[in-house]
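Now for the letters of each chain:
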Amino acid sequence: MNLILLGLPGAGKGTQAKKISQEYKLTHIATGDIFRRLIKDRTPLGLRAEKYIKEGRLVPDEDAVRILRDELSKLDIKSRFVLDGFPRTLNQARILTEILEGMDIKPDLVFFIDVDPEELVERISERRVCLKCGSTYHLKHNPPQTDGICDFCGEKLIQRNDDREDTVRKRIQIHLKEIKEIVKYYKEKGLLEVVRGDTIEELYGAIKKAIEVKFS
Ligand code: AP5
Ligand code: MG
């Protein structure tokens, strides 16, 4: 099973991908998490990406594709994945199709997590993340068991530096433009599932239902 999650910033891609990857034993590939690790390690690619991410802009396709190829090449042939944060442009979607065809892999489902953009700014401002294992929390909706500490790996939680309100609004604006084309692309391929949910569990229920229907 290979899945792709699409959605505006704060829609819940990371939260859902974590749950899906644990339940269905899939490799969670999150391009945003990889960029944040590369920035933390001060690698050349991380340093190049940093200025774009801080400003809420997309990293150029070339670098995003480079890290995706790298992650996919690490996969065991039997491994299956859930992609979170890639593709972000129509060009990336087309390149992804080519890369996967070259590996003889087909995506089974592409989920578009549909959330009212108005809700996203509040969600992101209350978010805390773990840079080590990629877990995501919300101070109200999904708090960690111990304040400021990751439930899964014990690392200190941080607030992302692109989660300032003005940067968040810019990220949403940029993504709104791109996502329509990507959604259309996968709809035409017959792979798209639009999912909604007011809570994390409700949304996860909708995703699981679509997976069960597809694989029944
Ligand atoms: P990335 O890290 O992918 O950020 P994003 O797409 O902006 O999405 P977020 O991670 O902010 O949100 P999410 O959908 O994962 O939501 P989450 O689960 O955390 O990318 C960061 C940057 O890297 C980009 O801006 C870009 O510059 C660059 N980049 C990455 N990939 C790239 C690519 N392919 N090409 C070019 N550039 C790229 O949930 C949000 C919050 O809401 C959490 O606090 C969560 O607990 C809470 N929450 C989740 N679901 C619910 C719910 N149903 N109800 C209530 N609260 C909820
Ligand atoms: Mg995320």
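Look a little higher up for the structure.
Now for a look at the structure at hand. Everything numeric here is computed off the predicted structure, so don't read it as measured data. (Residues numbered from 1 in each chain as written. Chains lettered and ligands numbered in written order. Predicted model: local features only at pLDDT ≥ 70, side-chain atom pairs only at ≥ 80, totals over all residues. Heavy atoms only, no water.)

**Focus: the overall build of the protein chain**
Regarding its fold elements, the protein chain presents 8 helices and 7 strands. Its C-alpha radius of gyration of 16 Å places the protein chain within 12% of the 17 Å reference for a compact globule of 216 residues. Seen through its C-alpha atoms, the protein chain measures out along the principal axes to roughly 40 × 40 × 35 Å. Considering only residue pairs separated by 6 or more positions, the protein chain has 69% of its internal contacts joining residues 24 or more positions apart. Of the roughly 11500 Å² of accessible surface on the protein chain, a fraction of 49% belongs to carbon and sulfur atoms. Within the protein chain, the 37 negative side-chain charges are centred at a point lying 2 Å from the centre of the 40 positive side-chain charges. (Helix = DSSP H or I, 4+ residues; strand = E, 2+ residues; numbered from the N terminus. Rg over C-alpha atoms; globule rule 2.2 N^0.38 Å. Contact = heavy atoms within 4.5 Å. Areas by Shrake-Rupley, 256 points an atom, 1.4 Å probe, with all protein chains shown as cover. Lys, Arg positive; Asp, Glu negative; His and termini not counted. Charge placed at Lys NZ, Arg CZ, Asp CG, Glu CD.)

**Concerning the site of ligand 1**
Around ligand 1 there are 34 residues in total, and Thr15, Thr31, Arg57, Arg127 and Arg171 lie nearest to it. Contacts to ligand 1 include arginine 36, whose side-chain N or O atom sits 2.9 Å from an oxygen atom. Protein contacts shield 98% of the accessible area of ligand 1, which totals 1000 Å² for the unbound molecule. Only helix H1 (13-24), helix H2 (31-40) and strand S6 (136-138) provide two or more residues apiece to the shell around ligand 1. (Near = heavy atom within 4 Å. Polar contact = N/O pair within 3.5 Å; in protein donor to acceptor, adjacent residues only side chain to side chain.)

**So, the pattern of salt bridges**
On inspection of all chains with the given rule, the structure shows 20 salt bridges. The partner of arginine 48 in a salt bridge is aspartate 63, and the shortest N-O contact between them spans 2.9 Å. One end of the pair, arginine 48, is in helix H3 (residues 44-54); the other, aspartate 63, is in helix H4 (residues 61-74), with 15 residues separating them in the sequence. With a relative accessible area of 37%, arginine 48 lands in the partly exposed category. Here glutamate 165 ties to arginine 169 by a salt bridge, and the two come within 2.8 Å at their closest N and O atoms. Of this pair, glutamate 165 and arginine 169 both sit in helix H7 (residues 165-188), separated by 4 residues, roughly a single helical turn. Classification of arginine 169 by relative accessible area gives partly exposed; the value is 44%. Sharing partners across several salt bridges, the network here consists of Arg127, Arg160, Asp162, Asp163 and Arg171. (Salt bridge = Lys/Arg side-chain N within 4 Å of Asp/Glu carboxyl O. Buried < 20%, exposed > 50% of the residue type's maximum accessible area, 1.4 Å probe, protein only.)

**Some details on the nonpolar core**
If you look at the biggest cluster of nonpolar residues, it comprises 60 residues, and the most contacted ones within it are Leu6, Phe111 and Tyr186. Here the element with the most residues in this core is H7; it accounts for 7 residues. (Core = buried A, V, L, I, M, F, W, Y, C linked by side-chain atoms within 4.5 Å.)

**Notes on H3**
Along an α-helix, residues three or four apart share an orientation, since each turn contains 3.6 residues. Listed as buried for H3 are Leu45, Gly46, Ala49, Glu50, Tyr52 and Ile53. In this structure, the buried residues of H3 make contact with H2, H4 and H7. Just beyond H3, the residue with positive phi is glycine 56, at close to 80 degrees.

Fair warning: the whole summary comes from geometry, so function is off the table for now.
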